[in-house]
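So the chains spell out like this:
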Amino acid sequence: MNGKTRITTDLDFNQDGRQQGFLGLPHSVHRSAYGRIAIPIITVKNGDGPTVLLTAGNHGDEYEGQIALIKLIRELNPQSVRGRLIILPAANFPAVIGGLRTSPIDDLNLNRSFPGDPDGRPTAAIAHYIETELLSLADFALDLHSGGSSLMYLPSALAVPVEDDRRREQQFDMLKAFAAPLAYIGHPGGENRTFLAGAARAGVAAIGTELGGSGTASVESVAIAERGVRRVLKHLGSLPDIDLGEDPPPTRLMRIRGRDDFVHSPDYGLWEPLVELGDDVEAGQPAAAVYCPETPWRDPVFARFAAAGKVICRRVPGLVHRGDCLFHLVADLDSHPG
């Protein structure tokens with residue numbers, strides 16, 4: 001690995017005004033020997049102010065963020081911006097075009113590929129460019145997700161724990177500004193291959209979202225995405241004059257405690273959920289029954305909650321394999337984690 005990105009762009013990130021174009025990722029295949037993957041990118045800069053990186057399409061089957069950023073792009077003009085916005089609405093472009101969580105080119109998950117590899121497969125090269133080139137320019141970042149094709153979330157925003165006190169407070173303020181119904185903090189031993197982990201390594205205050213899912217978008221989830229992005233940008237001073245209308249109710253702050261907040265299928269089969277999104281559950285409570293279609297006379301196998309909490313996420317498809325995530329819990333945040 002030479003450490004230097006192979007991705008190029010004609011955009012000048014230091015130039016005032018609005019620019020739109022593409023990141024060019026070299027991709028030599030049978031049908032195109034000297035081809036490249038063209039990933040759309042937009043930058044709007046106007047004088048002094050923070051640099052905010054906005055991304056969606058990290059997973060191609062998560063649509064609320066993509067829609068919200070496309071609508072924002074169409075409205076932005078340099079006069080309304082203070083500082084610089086860099087917008088990547090289809091971060092893993094091959095996955096976006098395929099409507100898939102993972103890239104159809106290399107079957108890799110961008111949000112499990114950071115810090116990436118400039119000489120690796122396309123998804124690893126994209127991760128490397130985002131972490132080393134784009135996050136290195138940013139003061140703040142917002143990475144928009146939902147549950148995709150296999151999960152459904154209560155609309156929520158999230159952040160990962162960071163040690164720096166100032167950055168931690170900035171992230172809490174961004175969560176509150178986004179004003180999703182729920183917001184939660186990941187547990188300290190969480191995944192370190194995500195966009196938010198890359199932002200933490202880069203020293204960037206960043207939040208993400210889980211805005212719905214089921215492989216589609218709703219009126220409510222898109223509205224929460226649009227409103228939340230604009231509220232964060234106004235809070236950061238990037239869009240100081242934007243009219244946000246009436247304030248939404250304050251967000252409820254929650255946390256992930258660890259592995260016990262996740263319920264996985266104990267067997268292959270057809271699963272019956274025994275609780276709904278938003279339910280409060282107790283440790284030991286049955287979460288789901290899994291039935292065997294090959295031997296329908298067999299007793300179902302039950303999955304149970306290992307901890308008490310609120311159900312913030314559930315699986316969508318009715319067929320499961322052993323190890324598939326069925327539910328995900330959060331608990332109220334009593335105080336800011338150290």
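Nothing here was measured: the structure is a model prediction, and the numbers come from that model.

So, how was this worked out
- Residues numbered from 1 in each chain as written.
- Predicted model: local features only at pLDDT ≥ 70, side-chain atom pairs only at ≥ 80, totals over all residues.
- Heavy atoms only, no water.
- Pairing = 2+ DSSP bridges.
- Helix = DSSP H or I, 4+ residues; strand = E, 2+ residues; numbered from the N terminus.
- Phe/Tyr/Trp six-rings, centres within 6.5 Å; stacked < 30°, edge-to-face > 60°.
- Buried < 20%, exposed > 50% of the residue type's maximum accessible area, 1.4 Å probe, protein only.
- Salt bridge = Lys/Arg side-chain N within 4 Å of Asp/Glu carboxyl O.
- Disulfide = S-S within 2.5 Å.

Draft legend 1. Representation of the sheet that holds strand β18 (residues 319–320). Ordered by their spatial adjacency, four strands build an open sheet running β16-β15-β13-β18, and the pairing between neighbours is antiparallel. Sheet topology places β16 (301–304) and β18 at the edges, where each strand pairs with a single neighbour. As paired elements, strand β15 (residues 286–291) and β16 share four bridges and run antiparallel to each other. Among the inter-strand pairings, P286 is bridged to a residue of β16, identified as R304.

Draft legend 2. How the structure looks around the pairing of strand β13 (residues 269–273). Summarising the sheet, β13 and β18 pair through two bridges and their orientation is antiparallel. Across the sheet, the residue bridging to G269 is V320, located in β18.

Draft legend 3. A look at the packing of aromatic side chains. One pass over the structure, following the stated rule, counts three aromatic pairs. Aromatic pair F305 and F327: ring centres 5.6 Å apart, planes at 50°, arrangement tilted. Placement of the pair is F305 in the loop between β16 and β17 (309–315) and F327 in strand β19 (residues 325–332), with a sequence separation of 22 residues. The exposure class assigned to F305 is buried, which follows from its relative accessible area of 2%. Through a chain of ring-to-ring contacts, three or more aromatic side chains come together here, namely W271, F305 and F327.

Draft legend 4. Seen up close, the pattern of salt bridges. Inspection of every chain in the model, using the stated rule, returns 16 salt bridges. Ionic pairing is found between R112 and E191, a salt bridge with its closest N-O pair at 3.9 Å. One end of the pair, R112, is in the loop between α2 (93–98) and α3 (122–134); the other, E191, is in the loop between β9 (182–185) and α5 (195–202), with 79 residues separating them in the sequence. The partly exposed category is assigned to R112, whose relative accessible area is 34%. Across the pair R231 and D247 runs a salt bridge whose closest N-O atoms are separated by 3.4 Å. Of this pair, R231 sits in helix α6 (residues 219–236) while D247 sits in the loop between α6 and β11 (252–255), and the two are 16 residues apart along the sequence. What makes R231 buried here is its relative accessible area of 17%. Judged by its relative accessible area of 57%, D247 falls in the exposed class. Residues participating in the shared-partner salt-bridge network are R112, E191 and R193.

Draft legend 5. Just the state of the cysteines, in detail. All told, the structure shown has zero disulfides when counted by the stated rule. With no disulfide partner, C313 has as its closest neighbouring cysteine sulfur the one in C325, 5.8 Å distant. Here C325 falls in the partly exposed class, since its relative accessible area comes to 22%.

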